[in-house]
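# Chains, contacts and geometry: an overview
In case you want the letters, here they are:
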Amino acid sequence: MLSTTVALLVALAASVVASPVAGPEITPAPEPALVKRATSCTFSGSSGASLASKSQQSCSTIVLSSVAVPSGTTLDLSNLPDDTTVIFEGQTTWGYSEWAGPLLQIKGNKITIEGASGAYLNPDGARWWDGSGSNGGVTKPKFFYAHDLTDSTITNLHIQNTPVQAVSINGCDGLTITGMTIDNSAGDSEGGHNTDGFDIGSSNNVIITGANVYNQDDCVAINSGTDITFENGVCSGGHGLSIGSVGGRSDNTVSGVTFTNSEVKNSVNGIRIKATEGDTGTISGVTYSSITLASISKYGILIEQNYDGGDLDGGTATSGIPITGLTVKNISGSGAVSSSGYDVVITCGSGACSSWTWSGVVVTGGKKYGSCTNVPSVVGSCS
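Now for a description of the structure that goes with this document. Keep in mind it's a predicted model, so treat the numbers as computed, not measured.

## Quick word on the state of the cysteines
Enumeration according to the criterion identifies four disulfides in this entry. There is a disulfide in this structure between cysteine 41 and cysteine 59, and the S-S distance comes to 2.0 Å. On the sign convention where negative is left-handed, the bridge of cysteine 41 and cysteine 59, at about -95 degrees about the S-S bond, is left-handed. Residue cysteine 41 is found in strand 1 (residues 41–45), and its partner cysteine 59 is found in the loop between helix 2 (48–55) and strand 2 (61–69); the two are separated by 18 residues along the sequence. Judged by relative accessible area, which is 14%, cysteine 41 ranks as buried. For cysteine 59, a relative accessible area of 2% gives the class buried. Each sulfur in the disulfide pair cysteine 372 and cysteine 382 lies 1.7 Å from the other. Because the sign of the S-S torsion sets the handedness, a value of about -50 degrees for the bond joining cysteine 372 and cysteine 382 places this disulfide among the left-handed ones. In this pair, cysteine 372 sits in the segment after strand 27 (357–363) while cysteine 382 sits in the segment after strand 27, placing the two residues ten residues apart along the sequence.

In structure tokens, the structure reads:
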């Protein structure tokens, strides 16, 4: 009997060792719930801006219908989910306040921004215009920060009378702007100044097509960025199609830029490349092709490496920002330059302008500049 009891105990112990007690069951974490967005949300009136900003995560389409943005306030859509559509309807207005802005800010990935038929964005910039722009006078808000937009589109926006700079493009990759009008033409007689059309920096793969810009500063100014195209546009009243100024910023590289099939008229300059004297950077692979110039008051084509806050106001052109691989072709400007202006001005540093292509360039009407320096041979005389 004793031996039988011992045998049973040994067998029981063995079974315990062979089959340990199971631990507590682990329940997997629940899958995060998908937040369902409303198909379309419409905002209007004086509360429209704040409500749209608060609701931007909840709507797949945001319709801004005759929104009146309060003074000192940004219409802020900088936290949009992917694949959001923003539509402007009617007239969008902003109250008056002396501050830096921006008045409008939109960010995001795969964002679609549209202007409905007849819609326009009207900050009524004449209330700030005093002839000083951003250089003095009252503090004026910049208008639209199109920053950090990737794989996004802006279509058919009509912008009327910005206080100073209209559209700032920065940190973008894959942005296409189609059919935009920036109309600051009233500023010609009412004190508009520094009303740049498009200021572009640190952006890649940007296309601006079919833009109409009427202003009192650069139509387009590309300060840094790669693979940027401005095509089928009209620039009137401002400072033309510009690279730069390049130099003195955190990003001083411009590469792969094309201006094509566009018109510059009633402007101070036609084509302009500005490299800051004494700074470093690179300007490469820039093309100006099939550009028509008309009624240019100062410089038909200006390429300078002695920029110092104003055109040709530096000393000797320097070589720290080489301009290489420049193509200027099929430029139509017969009789386009005022008799008091200059047709073509080129001031390069020693060895700093190379591998240029220059063909079919006809820019006449103005004077010949007598102080060109280090002009590439393909250009011929500086005229």
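## Quick notes on the pairing of strand 9 (residues 144–155)
Pairing analysis gives five bridges linking strand 6 (residues 104–109) to strand 9, with the strands arranged parallel. Along strand 9, the bridge assignment pairs glutamine 105 with tyrosine 145. Direction of pairing for strand 7 (residues 112–115) relative to strand 9: parallel, over a ladder of three bridges. What sits directly across from isoleucine 113, in strand 9, is isoleucine 154. Where strand 9 meets strand 11 (residues 167–170), four bridges bridge the pair, whose relative direction is parallel.

## Concerning unusual backbone geometry
A cis geometry characterises the amide bond from glycine 101 onward to proline 102, with omega recorded as 10 degrees. Tracing the backbone through its elements, the reader meets proline 102 in the loop between strand 5 (91–94) and strand 6. One non-glycine residue, serine 355, lies in the positive phi region at around 60 degrees. Within the fold, serine 355 resides in the loop between strand 26 (353–354) and strand 27. Look at serine 355 and you get exposed, because its relative accessible area is 62%.

## Let's talk about the packing of aromatic side chains
Summed over the entire model, instances satisfying the criterion amount to seven aromatic pairs. Centroid distance phenylalanine 230 to phenylalanine 259: 6.4 Å. Interplanar angle 55 degrees. Geometry classified as tilted. Here the residue phenylalanine 230 occupies a position in strand 18 (residues 225–231), and phenylalanine 259 occupies one in strand 21 (residues 253–276), the gap between them amounting to 29 residues. Judged by relative accessible area, phenylalanine 259 falls into the buried class, the value being 0%. On the numbers, 6.1 Å between centres and 20 degrees between planes, the contact of tyrosine 299 with tyrosine 342 is stacked. Taken together, the positions of tyrosine 299 in strand 22 (residues 282–307) and tyrosine 342 in strand 25 (residues 342–347) put the pair 43 residues apart, joining distant regions of the chain. Judged by its relative accessible area of 6%, tyrosine 299 falls in the buried class. For tyrosine 342, a relative accessible area of 21% gives the class partly exposed. Counting every residue linked through ring pairs, the aromatic cluster contains Phe230, Phe259 and Tyr288.

## Some points on the pattern of salt bridges
Counted under the stated rule, the structure contains seven salt bridges. Among the salt bridges present, the one from arginine 272 reaches aspartate 218, with a minimum N-O distance of 2.8 Å. Highlighted residues: arginine 272 in strand 21 and aspartate 218 in the loop between strand 16 (212–214) and strand 17 (220–222), separated in sequence by 54 residues. As far as burial versus exposure is concerned, arginine 272 and aspartate 218 are alike and both buried.

Reading the values: rules and limits
- Per chain, residue numbering runs from 1 following the sequence as it is written.
- Local features are withheld for residues below a pLDDT of 70 in this predicted model, meaning they are given only at 70 or higher, and side-chain atom pairs are given and counted only at 80 or more; totals for whole chains, interfaces and linings count all residues.
- Excluding hydrogens and water, the side-chain values take into account all heavy atoms of the structure.
- When two cysteine sulfur atoms are found within 2.5 Å, that pair is recorded as a disulfide.
- Secondary structure elements follow DSSP: runs of H or I of four or more residues count as helices, runs of E of two or more count as strands, with numbering from the N terminus.
- The buried label goes to any residue with under 20% of its type's maximum accessible area, the exposed label to any with over 50%, and the partly exposed label to all in between, with areas taken from a 1.4 Å probe on protein chains only.
- Only when DSSP finds a minimum of two bridges between them are two strands counted as paired.
- Side-chain rings of Phe, Tyr and Trp (the six-membered ring for Trp) are treated as a pair once their centres are within 6.5 Å; stacked means planes under 30 degrees apart, edge-to-face means over 60, and tilted covers the remaining angles.
- Any carboxyl oxygen of Asp or Glu that lies within 4 Å of a side-chain nitrogen of Lys or Arg is treated as forming a salt bridge with it.

Treat this as a map of the structure, not an account of what it does.
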